[in-house]
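# Chain and residue survey
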Amino acid sequence: MSTNVDTFLGSVETTFDQAADLVGLNDELRHKIKICNSTYVVRFGVRLRGGLVTFTGYRSVHSEHREPVKGGIRYSLHADQDEVEALAALMTYKCALVEAPFGGSKGALVIDPTAWEPHELERITRRFTQELAKRHLISPAQNVPAPDMGTGEREMAWMADEYKRLNPNELNSWACVTGKPVSKGGIRGRVEATGRGVQYALRECFRHPKDLEFAGVTPGLKDKRIVVQGLGNVGYHAAQFLSQEDEAIVVGVIERDGAVVDESGIDIDGLHMHIHKNGGVKGYKGYTEDSASVLAMECDIMIPAALEGVITVDNANDIKAKIIIEAANGPITFTANQILLDRKCLIIPDLYANAGGVTVSYFEWVKNLSHIRFGRLGRRQAENQMINILSAVEELVGKKVPEGWRDKIIEGPTELDLVRSGLDDVMREGYASISAKWNNDSRIPDLRTAAMMIAIERISDSYSSLGI
Ligand code: NAD
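These notes cover the structure that comes with them. What you see is a predicted model; the values in this text were computed from it and never measured.

### Observations regarding the pairing of strand 3 (residues 69–75)
Within strand 3, seven of the seven residues are buried, which leaves it mostly tucked inside the rest of the structure. Note that strand 3 and strand 4 (residues 103–109) share five bridges and pair parallel. Within the sheet, the bridge partner assigned to Ile73 lies in strand 4 and is Gly107. As a crossover connection, the stretch from strand 3 through helix 3 (residues 81–97) into strand 4 is right-handed. Bridge count between strand 3 and strand 5 (residues 143–147): five bridges; the pairing is parallel. Bridge pairing in strand 5 links Gly72 to Ala146.

In structure tokens, the structure reads:
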């Protein structure tokens, strides 16, 4: 039976309390940091299909210790106030952990996006944007939404465009949301960012032999067996990069309508195309209705990348994965976390593992404020410098560098190169800091508590510097 600590909000708050105890946070500051500052609930009507349809939307602001506040907007029938507040709290801790200069926020619209035509969704999204704009819940300086479950570049482009219409004199209006298409002020590498961040997080984890030893995992990502839940934006990119670039083997994919199993490795692109064409995994080679058995498959790494509360007290004992990386927010409940920890499963927690999204959103926001793409000024200068160095070396040794090498060596960094480099740096530093904290203090039970402690220390420093 689930208890209160096993609701999504309960899990986040209980983790916070445990970490706050270890940090030794005083009661007043603990209360201030933990509590959600505000949640706006809006009900608005849109004329559709000959009638008036009323929608419910949320935007929670968890903490304004840094502004703007930041966090995605999800389109889901299951969204409610508790879920949005839990997600907003996670955003506060996530931003603090990866040093993105934002407070935490999150939003949702209670809607099944597949039930509406694109032109209808556009009207609904624009109307929702107007409601948010009225209360400064979308604004480059105060509150910057981003994509989440059920939303993507298209919705962000509609929101940015609507905000621009409402604020024609605002010079920085593109910075009002992130995750936009490149043609509408977006940044290269944002669509893939969260999945790419999961890949970088795992690569860094595999550079920490002590952590692998804890989980009983042999070194090297090559040939590691992976099970992924949810082949949407985050899950697809993580699975694709890990199988294509690190030669890991994705043996199972779980989706809404069942799962796919292939011991020799699933063709992720093929399955992704099948899902887009058919609306699910049914009919694909290796299809099974029995998703629970795929979640319980022998594997080295599990990547829950769908939604919260999927690994609970009811199924945690069945899970055999040695490492679970929480690509989704809140996939493991508090009690399930304890069960997995007892059998030495290494859990790489959501507030670090999926921070790639907000990290590249941060880069996009900076790009929008500076009105110039990264690499624009320095790329050719870097190339010329390398050409000069190569020419000098060639002259000194009396040999020419082969042409294929030459092009690679002199190539200056593009925007995508710089985004990936920045993301890699954030994910490496983030893992190294939480692993060091966990390994150096026997009171800290896991990486999740260590990550939360670092976040709390940074937020409380920020309040202290204000004299609070
Ligand atoms: P998405 O809508 O693109 O993909 C979600 C996928 O999960 C879909 O393929 C959907 O069919 C599948 N799914 C839904 N319910 C399922 C179920 N019960 N069982 C199995 N599969 C199911 O969403 P996304 O943007 O990839 O987000 C996924 C998770 O990652 C969410 O928890 C989100 O909060 C988190 N996240 C996303 C981002 C981002 O940049 N998009 C950033 C940080 C965290």
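Moving on, there is more to tell.
### Section: the site of the ligand
Close to the ligand lie 22 residues, the nearest being Asp148, Thr194, Val234, Glu255 and Asn329. Separating an oxygen atom of the ligand from a side-chain N or O atom of Arg74 is a distance of 2.9 Å. Compared with its free state, where it exposes 830 Å², the ligand has 85% of that area covered by protein. Only helix 8 (233–245) and strand 7 (249–255) provide two or more residues apiece to the shell around the ligand. In terms of residue class, the shell around the ligand is made up of nine nonpolar, eight polar and five charged. Taken domain by domain, the makeup of the shell around the ligand includes at least three residues from each of domain 1 (38–186) and domain 2 (193–353).

### Quick notes on unusual backbone geometry
Cis geometry marks the peptide bond from Glu67 to Pro68; its omega dihedral reads 5°. Relative to the assigned elements, Pro68 resides in the loop between strand 2 (51–63) and strand 3. Positive phi, close to 65°, is recorded for Asp223, a residue that is not glycine. Take Asp223: it is sitting in the loop between helix 7 (209–215) and strand 6 (225–229). Of note, the phi angle at Glu247 is positive, near 60°, even though the residue is not glycine. Mapped onto the elements, Glu247 comes out in the loop between helix 8 and strand 7.

### Looking at the packing of aromatic side chains
The tally for this structure, following the rule as stated, stands at nine aromatic pairs. Ring centres of Phe55 and Trp116 lie 5.8 Å apart, and the angle between their planes is 65°; this geometry places the pair in the edge-to-face category. With Phe55 in strand 2 and Trp116 in the loop between strand 4 and helix 4 (118–134), this pair connects stretches of sequence that are 61 residues apart. A relative accessible area of 4% places Phe55 in the buried class. Geometrically, the ring pair formed by Phe102 and Tyr362 is edge-to-face, given 5.7 Å between the ring centres and 90° between the ring planes. Here Phe102 is found in the loop between helix 3 and strand 4, whereas its partner Tyr362 is found in helix 13 (residues 356–370), with 260 residues between them in sequence. On the basis of relative accessible area, Tyr362 is assigned to the partly exposed category, the value being 25%. Ring-pair connections join several aromatic residues into one group, and the members of that group are Phe44, Phe55, Trp116 and Phe128. Here the guanidinium or amino end of Lys164 rests over the ring plane of Trp174, the centre of that ring lying 4.9 Å away. A cation over a ring is seen here: Arg196 above Phe241, with NZ or CZ 3.6 Å from the ring centre.

### Overview of the state of the cysteines
Two cysteines whose sulfur atoms are joined by a covalent bond form what is called a disulfide. Considering all chains together, one arrives at zero disulfides under this definition. Between Cys205, a cysteine without a disulfide, and Cys345, which holds the nearest cysteine sulfur, the sulfur-to-sulfur distance is 11 Å. Note on Cys205: relative accessible area 0%, which makes it buried.

### Some thoughts on the sheet that holds strand 11 (residues 323–325)
Paired through their backbone hydrogen bonds, the strands of a sheet run either parallel or antiparallel. In space, the seven strands of this open sheet follow the order 9-8-7-6-10-11-12, with mixed pairing throughout. Every other strand in the sheet has two partners, leaving strand 9 (287–288) and strand 12 (346–348) as the edge strands with one partner each. Relative to strand 7, strand 6 is paired through five bridges, and the arrangement is parallel. Across the sheet, residue Ile226 finds its bridge partner in strand 7, namely Val250. Here helix 8 sits on the sheet and contacts strand 6, strand 7 and strand 10 (301–304); the angle it forms with strand 6, its principal contact strand, is near 165°.

### A word on the environment of Glu394
Along the chain, the position of Glu394 falls in helix 14 (residues 379–397). Given the relative accessible area of 8%, Glu394 is considered buried. Through-space distance from the C-alpha of Glu394 to that of Ser105 is 55 Å; in sequence the pair is 289 residues apart. Not counting residues within four places of it along the chain, the set of residues in contact with Glu394 comprises Lys399, Lys400, Val401 and Arg406.

Criteria and thresholds
- Residues numbered from 1 in each chain as written.
- Predicted model: local features only at pLDDT ≥ 70, side-chain atom pairs only at ≥ 80, totals over all residues.
- Heavy atoms only, no water.
- Buried < 20%, exposed > 50% of the residue type's maximum accessible area, 1.4 Å probe, protein only.
- Helix = DSSP H or I, 4+ residues; strand = E, 2+ residues; numbered from the N terminus.
- Pairing = 2+ DSSP bridges.
- Right-handed = clockwise from strand over helix to strand, strands pointing away.
- Near = heavy atom within 4 Å.
- Polar contact = N/O pair within 3.5 Å; in protein donor to acceptor, adjacent residues only side chain to side chain.
- Areas by Shrake-Rupley, 256 points an atom, 1.4 Å probe, with all protein chains shown as cover.
- Nonpolar A, V, L, I, M, F, W, Y, C, P; charged D, E, K, R; others polar.
- Domains from an automatic or database assignment.
- Phe/Tyr/Trp six-rings, centres within 6.5 Å; stacked < 30°, edge-to-face > 60°.
- Lys NZ or Arg CZ within 6 Å of the ring centre and 35° of its normal.
- Disulfide = S-S within 2.5 Å.
- Contact = heavy atoms within 4.5 Å.
- Axes fitted to C-alpha atoms, helices over the stretch in contact; angles between N-to-C directions.

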